[in-house]
Amino acid sequence: MANQTLCKYANLTCDPQTFNTTNVTKLCPGAQCTFAFYGGESLYHKYIFIFQLANAFVFLWLVNFAIALGQCTLAGAFASYYWASRKPADIPLWPLFSSFGRAIRYHTGSLAFGALILAIVQLIRVVLEYLDHKLKGVLAFFFFTQRIPVFAQEAPALNYYWVPLLTVIIGSYLVAHGFFSVYAMCVDTLFLCFCEDLERNDGSTAKPYFMSASLHRILGKKELSPKKAIG
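Please read all numbers here as calculations on a predicted model, not as lab measurements.

A. Representation of the overall build of the protein. Secondary structure assignment for the protein yields eight helices and zero strands. Its helices and strands in sequence order give the protein the pattern α-α-α-α-α-α-α-α, from N to C terminus. In the protein, which comprises 231 residues, the proportion classed as buried is 17%. A total accessible area of about 18100 Å² is found for the protein, and carbon and sulfur atoms account for 67% of it.

Here it is as structure tokens:
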């Protein structure tokens, strides 16, 4: 608050609205109540950057866990259809809810651990990209402000007409990605189930395939005849 180090009110907080009504200026001539900084000197303000990194890490962890839980739920629902002996009689009434319950009960730890690994890698990537962005920003500042004599005559004009177009493109991509990710998970799950079906069964009467008739035709698989199965 006061500039004089001998003043007992020096470096103390003050209220600009009531400062002139106090006797501080009389005791410390030349004292002023000026803005110093926001916040304070508490533990929170001292380690705010570390807390922000922790918040970013927890955010990435939760996002990855939610994505993994959704993928596991979808995969379980599609797998319940594939491994049903009598379709659709053996398919659960609510396949998504049943798969979600199994994922929560049996796979929560695995999903959380996998999300933890992804969050650590992504946080490191975010920090590196932040540093790279800052370095490019400094170079761009000197480039476009013509502070670098070599590029003084080559600095292009900045135009922002592409921002709405880029926003629409990115938004459309995110919406399309959300829809097609479900189909991608379905294809991946059915393909893995098909490979497991080939590994466990041989198409005989004792070990028939679980794949549907249409998948039989698409992949060219045939049930083994009883003679071939016995022989």
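B. Summary view of the packing of aromatic side chains. Tallied over the entire structure, the rule returns five aromatic pairs. A centroid spacing of 5.9 Å and a plane angle of 45 degrees characterise the contact between Phe-57 and Trp-61, whose relative ring orientation is tilted. Of the two residues, Phe-57 and Trp-61 both sit in helix α3 (residues 48-82), four residues apart, roughly one turn of that helix. With 5.2 Å between their ring centres and 75 degrees between their planes, Tyr-82 and Trp-83 make a pair best called edge-to-face. Residue Trp-83 is classed as partly exposed on the basis of its relative accessible area, which comes to 26%. Cluster of aromatic residues (ring-pair linked, three or more members): Tyr-82, Trp-83 and Phe-210. The ring of Trp-83 is capped by Arg-200, whose NZ or CZ atom sits 5.6 Å from the centre of that ring.

C. Spatial organisation of the UniProt feature "transmembrane region" (unreviewed entry) in the protein. Per the UniProt entry, the sites bearing "transmembrane region" (unreviewed entry) are residues 56-84, 104-128, 135-152 and 158-176 in this numbering. Structurally, residues 56-84 is divided into 93% helix and 0% strand, and its ends, taken at the C-alpha atoms, are 42 Å apart. Taken end to end, residues 104-128 has its terminal C-alpha atoms 34 Å apart, with 96% of it in helix and 0% in strand.

D. Geometry of the packing of α3 against helix α6 (residues 162-200). Contact geometry of α3 with α6 gives a least axis separation of 9 Å together with a crossing angle of 50 degrees. It follows that α3 is oblique to α6 by the angle criterion. Crossing of α3 against α6: the hand is right-handed. Contacts from Gln-71, Leu-74, Ala-75, Phe-78, Ala-79 and Tyr-82 in α3 reach Val-182, Met-185, Cys-186, Thr-189, Leu-190, Cys-193, Phe-194 and Asp-197 in α6. Partitioned by chemical class, the residues of the contact of α3 with α6 number 11 nonpolar, two polar and one charged.

E. Broad picture of the side chain of Asp-197. For Asp-197, the location among the structural elements is in helix α6. At 3.2 Å, the side chain of Asp-197 forms a polar contact with the backbone nitrogen of Met-211. What Asp-197 contacts, discounting residues up to four positions off in sequence, is Tyr-82, Trp-83, Pro-208, Tyr-209, Phe-210 and Met-211.

F. How the structure looks around α3. The terminal C-alpha atoms of α3 lie 51 Å apart, and with 35 residues this matches the ideal 51 Å at 1.5 Å per residue to within 8%. Those residues of α3 lying buried are Phe-57, Leu-60, Asn-64, Ala-68, Leu-69, Thr-73, Gly-76, Ala-77, Ala-79, Ser-80 and Tyr-82.

G. Molecular detail of the pattern of salt bridges. Counted by the stated rule, this structure contains two salt bridges. Two residues, Arg-125 and Glu-129, come together in a salt bridge whose shortest N-O distance is 3.0 Å. Here Arg-125 and its partner Glu-129 are both found in helix α5 (residues 108-144), four residues apart, which amounts to about one turn of the helix. Residue Arg-125 is classed as exposed on the basis of its relative accessible area, which comes to 57%. Overall, Glu-129 belongs to the partly exposed group, its relative accessible area being 43%. One salt bridge in this structure joins Glu-196 and Arg-200, with 2.7 Å as the shortest N-O distance.

H. Local environment of the packing of α3 against helix α4 (residues 95-106). Between α3 and α4, the shortest axis-to-axis distance is 8 Å and the interhelical angle comes to 125 degrees. When the axis of α3 is compared with that of α4, the two are oblique. Handedness of the α3/α4 crossing: right-handed. Note on element contacts: α4 touches α3 through Pro-95, Leu-96, Ser-99, Phe-100, Arg-102, Ala-103 and Ile-104, opposite Leu-69, Cys-72, Thr-73, Leu-74, Gly-76, Ala-77 and Ser-80.

Parameters and conventions
Residues numbered from 1 in each chain as written. Predicted model: local features only at pLDDT ≥ 70, side-chain atom pairs only at ≥ 80, totals over all residues. Heavy atoms only, no water. Helix = DSSP H or I, 4+ residues; strand = E, 2+ residues; numbered from the N terminus. Buried < 20%, exposed > 50% of the residue type's maximum accessible area, 1.4 Å probe, protein only. Areas by Shrake-Rupley, 256 points an atom, 1.4 Å probe, with all protein chains shown as cover. Phe/Tyr/Trp six-rings, centres within 6.5 Å; stacked < 30°, edge-to-face > 60°. Lys NZ or Arg CZ within 6 Å of the ring centre and 35° of its normal. UniProt positions renumbered as here; feature names shortened; annotations may be inferred. Axes fitted to C-alpha atoms, helices over the stretch in contact; angles between N-to-C directions. Parallel < 35°, antiparallel > 145°, perpendicular 65-115°, else oblique. Left-handed = near helix turned anticlockwise from the far one by under 90°. Contact = heavy atoms within 4.5 Å. Nonpolar A, V, L, I, M, F, W, Y, C, P; charged D, E, K, R; others polar. Polar contact = N/O pair within 3.5 Å; in protein donor to acceptor, adjacent residues only side chain to side chain. Expected span 1.5 Å × (residues − 1). Salt bridge = Lys/Arg side-chain N within 4 Å of Asp/Glu carboxyl O.

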